[in-house]
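Given next are the chains, with one letter for each unit.
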Amino acid sequence: MINITTDLNIETEKLTIKLVEGFGWNIILYDLFRENKIVKNNFPKEKGIYTLVINYSENLVYTELVLYKTDPKNEHLEFDFYKENNRIFCRIKSDYATELNKEIVMNELDSQMKKILESIKTEKN
């Protein structure tokens, strides 16, 4: 269902990919890639609106709304990550969600979000 390729400059242990179902407090997370491996059998089984969330390290993120008009159980996603000019890019291919068929660039979190994450880390310690 999911293929991930990277060039030599990408540290895959810093990469997570997930689909999120729902908005606000009542959400369901579908981890697709974490801890340096593809998570098997963890994909939505119903049509609907999801959010694709890609994180790299602690400060790079990409999000995209995804619409599955039909049951996505046979979906095939491909992610091809590469680094160029100190920026991280990804070519995404999807069989079911045409809006994902594109090349994206990972964005840095804004300063306010970085402060919030830093305060959460401080509270945990």
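Right, let's walk through the structure included here. (Residues numbered from 1 in each chain as written. Predicted model: local features only at pLDDT ≥ 70, side-chain atom pairs only at ≥ 80, totals over all residues. Heavy atoms only, no water.)

Evaluation of the coordinates by the stated rule reveals 4 salt bridges. A salt bridge links Lys-14 to Glu-11, with the shortest nitrogen-to-oxygen separation between them at 3.4 Å. When the shortest N-O distance is used, the salt bridge between Glu-64 and Lys-102 registers 3.1 Å. On the criterion of sequence distance, the pair formed by Glu-64 in strand β6 (residues 60-68) and Lys-102 in strand β9 (residues 102-105) is long-range, its members being 38 residues apart. Overall, the relative accessible area of 15% leaves Glu-64 in the buried class. (Salt bridge = Lys/Arg side-chain N within 4 Å of Asp/Glu carboxyl O. Helix = DSSP H or I, 4+ residues; strand = E, 2+ residues; numbered from the N terminus. Buried < 20%, exposed > 50% of the residue type's maximum accessible area, 1.4 Å probe, protein only.)

A positive phi angle, close to 50°, is found at Glu-35, a residue other than glycine. By secondary structure assignment, the location of Glu-35 is in the loop between β3 (28-34) and β4 (37-38). Here Asn-36, not a glycine, exhibits a phi torsion of approximately 70°, which is positive. Along the polypeptide, Asn-36 turns up in the loop between β3 and β4.

Pairing within the open sheet is antiparallel, and its 6 strands lie in the order β4-β3-β2-β5-β6-β10. Unpaired on one side and paired on the other, β4 and β10 (107-108) mark the two borders of the sheet. The sheet contact formed by strand β2 (residues 15-21) and β3 spans 5 bridges and is antiparallel. The residue bridging Val-20 from the neighbouring strand is Leu-29, located in β3. (Pairing = 2+ DSSP bridges.)

This part is about the packing of aromatic side chains. One pair of aromatic rings is described through two measures. These are the centre distance and the angle between the planes. Counted according to the given criterion, the structure contains 5 aromatic pairs. With 5.9 Å between their ring centres and 65° between their planes, Tyr-50 and Tyr-68 make a pair best called edge-to-face. Of this pair, Tyr-50 sits in strand β5 (residues 48-56) while Tyr-68 sits in strand β6; the two residues are 18 residues apart in sequence, bridging distant segments of the chain. Pair check on accessibility: Tyr-50 and Tyr-68 agree, each one buried. Consider the rings of Tyr-82 and Phe-89, whose centres lie 5.3 Å apart with planes at 15°: the pair is stacked. Ring pairs connect the aromatic residues Tyr-30, Phe-43, Tyr-50 and Tyr-68, which therefore count as one cluster. (Phe/Tyr/Trp six-rings, centres within 6.5 Å; stacked < 30°, edge-to-face > 60°.)

If you walk across this open sheet you meet the 4 strands as β1-β7-β8-β9, and the pairing is mixed. Strands with a single pairing partner mark the edges of an open sheet, and in this sheet they are β1 (2-6) and β9. Between one strand axis and the next, the sheet turns through 20° on average, direction left out of account. Bridge count between strand β8 (residues 87-94) and β9: 4 bridges; the pairing is antiparallel. If you follow Arg-91 over to β9, its bridge partner there is Glu-103. (Axes fitted to C-alpha atoms, helices over the stretch in contact; angles between N-to-C directions.)

This part is about the side chain of Thr-12. With respect to the helices and strands, Thr-12 occurs in the loop between β1 and β2. Polar side-chain contacts of Thr-12 include one of 2.3 Å to the side chain of Asn-36. Ignoring sequence-local partners within four residues, the contact set of Thr-12 consists of Thr-6, Phe-33 and Asn-36. (Polar contact = N/O pair within 3.5 Å; in protein donor to acceptor, adjacent residues only side chain to side chain. Contact = heavy atoms within 4.5 Å.)

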